[in-house]
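Each chain is listed here by its residues.
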Amino acid sequence: MKKYILFLIIALFTFYDVNALSYGGCDYSVISRLKSLVTNVNTTYDYHMENNTPVFDLTITNVTSDMYFVDSITDRTYYYSDTNNGEITIYGYNVSSGNLRFYSNVGECYGVKLGTKYYNFPKYNIYYNNSLCSDIPNFSLCQKWIDVNYSYSEFKKLVLEYKNKQIDQEEQIQVEYQKGLFDKLIEFYVNYYYIILGLIIIVCGIVIFIKSRNNKFNL
């Protein structure tokens, strides 16, 4: 009985070791190496406008011959032979997001999934360049890349509210500036009134003296 149990334990550990070194029927070390290659794959995008709508082009770099990938949007498979030294640009996206699923292209490991790369394109603001935004280009609803879900009437209302708020703020700033300037003058007078009064008395005394002296000469 003890021998049977010992044999069973050895068999279980042997089975575990075999599976620990394999992945989808191929050597785990191969898959590990391929997964590290996928982590080096980078994606960037560019765009051009068509009928006031952005169309995106996705560039994938660092693709190797040991892998292939499937684009979730086009459902097309791309191999290293489709690239230019590991770089490929896929044109014409008009969606907000998608992903690239990478698989092994190596012998007995062919078809084993290696990982997924996700890409996201920014939302284009349909009201960008609207005449209402001409004097407030920094307003959030006037930015080029922002997800705006307002109708035009709602957009117009929010823009006008923002403009009126700006006018009110500018007027308040002006009032506070003038009030601050007046307060500073009062404060200056309170702190130095004796000097100011002294100067006024001296100036008035000089003026009176000059006038009285001129009057004597006129006589």
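First, a word on scope: everything that follows refers to the structure included in this document. Every value quoted in this text rests on a predicted model; they were computed, and no experiment measured them.

## Regarding the overall build of the chain
Line of reasoning, step 1. Of the regular secondary structure elements, the chain holds three helices and nine strands.
Line of reasoning, step 2. Taken from N to C terminus, the helices and strands of the chain fall in the order α-β-β-α-β-β-β-β-β-β-β-α.
Line of reasoning, step 3. Burial analysis of the chain (219 residues in total) assigns 24% to the buried set.
Line of reasoning, step 4. Of the contacts made within the chain by residues no fewer than 6 positions apart, 50% connect residues no fewer than 24 positions apart.
Line of reasoning, step 5. Total accessible area on the chain stands at roughly 15900 Å², and carbon and sulfur atoms take up 57% of it.

## Description of the pattern of salt bridges
Line of reasoning, step 1. Applying the stated criterion across every chain, the model contains two salt bridges.
Line of reasoning, step 2. Two residues, D66 and R33, come together in a salt bridge whose shortest N-O distance is 3.2 Å. Note that D66 is positioned in the loop between β4 (53-61) and β5 (67-71) and R33 in helix α2 (residues 28-39), a separation of 33 residues in sequence.
Line of reasoning, step 3. Assessed through its relative accessible area of 21%, D66 is described here as partly exposed.

## Quick look at unusual backbone geometry
Line of reasoning, step 1. With a phi angle near 60 degrees, N52 is a residue other than glycine that sits in the positive phi range.
Line of reasoning, step 2. With respect to the secondary-structure elements, N52 resides in the loop between β3 (42-50) and β4.
Line of reasoning, step 3. In this model, D75 sits at a positive phi of 60 degrees, which is unusual for a non-glycine residue.
Line of reasoning, step 4. Assignment of secondary structure puts D75 in the loop between β5 and β6 (77-79).

## Description of the packing of aromatic side chains
Line of reasoning, step 1. Counting across every chain of the model gives 20 aromatic pairs.
Line of reasoning, step 2. Pairing F69 with Y78 gives two aromatic rings, centres 5.2 Å apart and planes at 20 degrees, and the pair type is stacked. The same class applies to F69 as to Y78, namely buried.
Line of reasoning, step 3. Seen in terms of ring centroids, F69 and F102 are 5.2 Å apart; in terms of plane orientation they differ by 40 degrees. Their pairing is tilted. Residue F69 is located in strand β5, and its partner F102 is located in strand β8 (residues 97-104); the two are separated by 33 residues in the primary sequence.
Line of reasoning, step 4. Here F69 falls in the buried class, since its relative accessible area comes to 0%.
Line of reasoning, step 5. A relative accessible area of 0% means that F102 is categorised as buried.
Line of reasoning, step 6. Taken together, Y45, Y47, F56, Y93, Y119, F121, Y124, Y128 and W145 form an aromatic cluster joined through their ring pairs.

Rules used in this analysis
Residues numbered from 1 in each chain as written. Predicted model: local features only at pLDDT ≥ 70, side-chain atom pairs only at ≥ 80, totals over all residues. Heavy atoms only, no water. Helix = DSSP H or I, 4+ residues; strand = E, 2+ residues; numbered from the N terminus. Buried < 20%, exposed > 50% of the residue type's maximum accessible area, 1.4 Å probe, protein only. Contact = heavy atoms within 4.5 Å. Areas by Shrake-Rupley, 256 points an atom, 1.4 Å probe, with all protein chains shown as cover. Salt bridge = Lys/Arg side-chain N within 4 Å of Asp/Glu carboxyl O. Phe/Tyr/Trp six-rings, centres within 6.5 Å; stacked < 30°, edge-to-face > 60°.

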